[in-house]
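# Observations on the model geometry
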Amino acid sequence: MLQIAVLREQTEQIIAGLRKKNYNNAAAEVAAILDLDQSRRTLQASHDEVQARANALAREIGGLMKTGNKAGAEQLKAETAELKNKAKQYSEELTALEENLQAALVKLPNTPHASVPPGRTPEENEVLLEHGDIPVLPANAQPHWELIKKYDIIDFELGNKITGAGFPVYKNKGARLQRALINFFLEEAAQAGYIEVQPPILVNEASGYGTGQLPDKEGQMYHATADNYYLVPTAEVPITNMYRDEIIPREQLPIRNAGYTPCFRREAGSWGADVRGLNRLHQFDKVEIVQIQEPEKSYEALEEMSLHIQGLLQKLELPYRVLRLCGGDMSFTSALTYDMEVYSAAQKRWLEVSSCSNFETYQANRLKLRYKGENGKTQLLHTLNGSALALPRIVAALLENNQTPDGIKLPAVLHSYCGFEMIN
RNA sequence: AGAGAGAUGGCAGAGUGGUCGAUUGCGGCGGUCUUGAAAACCGUUGACUGUUAAAGGUCCGGGGGUUCGAAUCCCUCUCUCUCUGCCA
């Protein structure tokens, strides 16, 4: 959520930012919000004035009662009746106004960083770099959804039987590969200084709200209605919410956490082309890295996270590229996002395997996640996170790019984690 | 799941209708003492809102009510703990 004070002070910059994100009607909505804010403050002042008078009277009455001056007390009581009505009326109006203001404010997305290119579609994302050679596969090369059947390592039909579409069963070396990748990613994160956490994978409403899944994207999460818990769509949600409503001592910054969770996404309305096999699932595994940083250092942290993720892809010997997302392709909450994509040689296209973002104060404002700066003032922190990494498309690329007549040759870095070198 | 108890500032823990935003201890910060540190002693130390700065207002789990006045009384919701039951 954008800060109302910033909206007041930097109105033009924010409108320009919202436009870059292709947010329609930005100027009008911002004007309406500032209008509401002005009314709110005026009303608040009136309310406070009445309240102050009522407080003073109550104190006087207390004094009179003590001295036994009942008549005097009764006289003052008469005056309070009117004040009470007024205060109640003001406070009701105020509540309504605040609700409207809040509702309008949460609808505004985060504003993009200056480096974010304009654009509406994924085609307009900026390719920052490409790394590694695109492998040349033999003519009879197969996509991963054929390979998993050939080697009987991932079974979609069995998942259909147990649960439904998008819930595959990993079997034999397929299951062991999952476990190996999770361990590899966690181990690399630990060596890079991220403290490992194992959070709950069901979260309450307040947590969903804190990271921005609620109230708008409710339909994207699985909801355990009996207890009103939500299945996490990413470890970002529980990990970031560990710091909700906290004022972090400055010397504890930056906070760096890594965690593995399964991720659950309903993906309502997003099924169509290019979602075969492992490309899109309702349940998948992911290791997430999270940083909480001082505002001045958050972009340094983003670069560092990007390099960490790239290091993983290099060790996995996968050809990848890094994109800087354009305004229109970024998430609602992000100020700057790098996407990492690996090349799938059999599908002949790039697959997104990581998304690494700086949210600046947008999440922190909702989370009330703050620290005391050098000047002693309490201020909002910056939150960042990135996938390091999401498994399914990594598995897809590993299978497709490394297929040989003898089987799938796994990259050397995974051998000790897997306990085998080939899938055959 | 049943019965009971509870929710107060970073933590512990007082406060059961009238200067209570809240006693006290610990912790934190500043100082005295010391070559330095520890100890001891002194001082200081919540958040939000508002303003050029104040004043003022709000916050004792959430919501509602009683009252001139609520941390304190009533209703309700949520959560936590203890015991019993079940169970990895």
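Before any of the text, the structure's been laid out above.
Predicted model only: the values in this text are computed from it and were never measured. (Residues numbered from 1 in each chain as written. Chains lettered and ligands numbered in written order. Predicted model: local features only at pLDDT ≥ 70, side-chain atom pairs only at ≥ 80, totals over all residues. Heavy atoms only, no water.)

## Structural notes on the protein's contact with RNA strand B
In the region of RNA strand B, 18 residues are neighbours, and Asp48, Gln51, Asn55, Ala58 and Lys372 sit closest. Near the protein, meaning within 4 Å, the atoms of RNA strand B are sugar or phosphate in a fraction of 70%, with bases accounting for the rest. Side-chain polar atom of lysine 372 to a phosphate oxygen of RNA strand B: 2.7 Å apart, as the coordinates give it. Going through the elements one at a time, α3 (26–67), α4 (70–106) and β14 (370–372) are the ones with two or more residues in the surface near RNA strand B. Element by element, the count of residues in the surface near RNA strand B is highest for α3, at 10 residues. Taken together, the residues of the surface near RNA strand B sort by class into four nonpolar, five polar and nine charged. (Near = heavy atom within 4 Å. Polar contact = N/O pair within 3.5 Å; in protein donor to acceptor, adjacent residues only side chain to side chain. Helix = DSSP H or I, 4+ residues; strand = E, 2+ residues; numbered from the N terminus. Nonpolar A, V, L, I, M, F, W, Y, C, P; charged D, E, K, R; others polar.)

## Comments concerning the side chain of threonine 111
Turning to its location among the elements, threonine 111 is positioned in the loop between α4 and β1 (126–131). The class of threonine 111 is buried, set by a relative accessible area of 17%. Apart from the residues within four sequence positions on either side, threonine 111 is in contact with Leu2, Ile14, Gly17, Leu18, Ser334 and Ala335. (Buried < 20%, exposed > 50% of the residue type's maximum accessible area, 1.4 Å probe, protein only. Contact = heavy atoms within 4.5 Å.)

## Considerations on the pattern of salt bridges
Applying the stated criterion to the full structure yields 14 salt bridges. We note a salt bridge from arginine 256 to glutamate 304, for which the minimum N-O separation is 1.8 Å. Of this pair, arginine 256 sits in strand β9 (residues 255–264) while glutamate 304 sits in helix α10 (residues 298–315), and the two are 48 residues apart along the sequence. Across the pair arginine 321 and glutamate 341 runs a salt bridge, and its minimum N-O distance is 2.8 Å. Here glutamate 341 lies in strand β12 (residues 336–344) and arginine 321 lies in strand β11 (residues 320–324), a separation of 20 residues in the sequence. Both residues of the pair, arginine 321 and glutamate 341, count as buried. Counted as one network, the salt bridges with shared partners bring together Arg8, Asp37, Arg40 and Arg41. (Salt bridge = Lys/Arg side-chain N within 4 Å of Asp/Glu carboxyl O.)

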